[in-house]
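# Observations on chain architecture
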Amino acid sequence: MNQKLFSKDFTLVIIGQIISLFGNATIRFALPLYLLNLTGSSALYGTVTACAFIPAILLSPIGGIIADRVNKRNVMVILDFFTAAY
């Protein structure tokens, strides 16, 4: 029981996840603002903003079920590959 709370590998994974989440949030915030500036259309701004959150709203319950039933390491690796491809 003489293990460190934060190992080097764990810390690197957490830092990578924080950077990734920050980048995703920045895109979700900046893209609608860019389109609003480019077109001046508030309807387009609202539509793009809403569309950015639809996948999270629809897939969160399914993701919760999968995360409870499958090995969490495998889920994290698979989702990181999908994020990298995105």
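Before reading further, recall that the structure is shown in the block above.
Report on the accompanying structure. (Residues numbered from 1 in each chain as written. Predicted model: local features only at pLDDT ≥ 70, side-chain atom pairs only at ≥ 80, totals over all residues. Heavy atoms only, no water.)

## Considerations on the overall build of the chain
When its secondary structure is counted, the chain shows three helices and zero strands. Of the regular secondary structure in the chain, the N- to C-terminal order runs α-α-α. Radius of gyration (C-alpha) of the chain: 17 Å, far over the 12 Å computed for a compact globule of 86 residues. Overall, the chain is about 60 × 25 × 20 Å in size when its C-alpha atoms are taken along their principal axes. Evaluated residue by residue, the chain yields a buried proportion of 5% over its 86 residues. Total accessible area on the chain stands at roughly 7500 Å², and carbon and sulfur atoms take up 71% of it. (Helix = DSSP H or I, 4+ residues; strand = E, 2+ residues; numbered from the N terminus. Rg over C-alpha atoms; globule rule 2.2 N^0.38 Å. Buried < 20%, exposed > 50% of the residue type's maximum accessible area, 1.4 Å probe, protein only. Areas by Shrake-Rupley, 256 points an atom, 1.4 Å probe, with all protein chains shown as cover.)

## Some thoughts on the environment of Tyr-34
When you line up the elements, Tyr-34 lands in helix H1 (residues 8–39). Sequence-wise, Tyr-34 and Tyr-45 are eleven residues apart; in three dimensions their C-alpha atoms are separated by 8.8 Å.

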